[in-house]
Amino acid sequence: MSSHDETFAAIEAAVVAVPGVAELYRARPTLGSAVGAAKNLATRTTVARVVLDDDVLRIVIGTDGSVPAPETARAAHLAALAAATEHGLALSRVDVRIARVG
């Protein structure tokens, strides 16, 4: 597992552990990260559900309704940012989208 794979796995685990997060979906990449994802598929490395576009991390979650969706999204944002920082990944921002409200 590469360093980025380990970092993305840690970010995914942190987000899924957030109360109110029911699911983590594959974020849609921009063209640049889509090329990178295609290369990862070709080399059979893990394809993360979080997407890194330059220094912007994109996350798409589904909520379970136990916590209001805006609070869940904010907590997911903070968890992802903390995990990224812990693994030395510098980000300009974290975009969290809610794909499903449970």
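It should be emphasised that the depicted structure is a prediction, and the values quoted were computed from it without experimental measurement.

Considering the pattern of salt bridges
Argument step 1. In this structure the tally under the stated criterion is five salt bridges.
Argument step 2. A salt bridge links Arg 49 to Glu 23; its shortest N-O distance comes to 3.9 Å. In this pair, Arg 49 is assigned in the loop between helix H2 (31–42) and strand S2 (51–53) and Glu 23 in strand S1 (residues 21–25), connecting sequence segments 26 residues apart.
Argument step 3. A relative accessible area of 30% means that Arg 49 is categorised as partly exposed.
Argument step 4. Between Arg 58 and Asp 95 there is a salt bridge, with the nearest N and O atoms lying 2.8 Å from each other. One end of the pair, Arg 58, is in strand S3 (residues 56–63); the other, Asp 95, is in strand S4 (residues 93–100), and 37 residues separate them in sequence.
Argument step 5. What makes Asp 95 partly exposed here is its relative accessible area of 22%.

About the cut-offs
- Residues numbered from 1 in each chain as written.
- Predicted model: local features only at pLDDT ≥ 70, side-chain atom pairs only at ≥ 80, totals over all residues.
- Heavy atoms only, no water.
- Salt bridge = Lys/Arg side-chain N within 4 Å of Asp/Glu carboxyl O.
- Helix = DSSP H or I, 4+ residues; strand = E, 2+ residues; numbered from the N terminus.
- Buried < 20%, exposed > 50% of the residue type's maximum accessible area, 1.4 Å probe, protein only.

Fair warning: the whole summary comes from geometry, so function is off the table for now.
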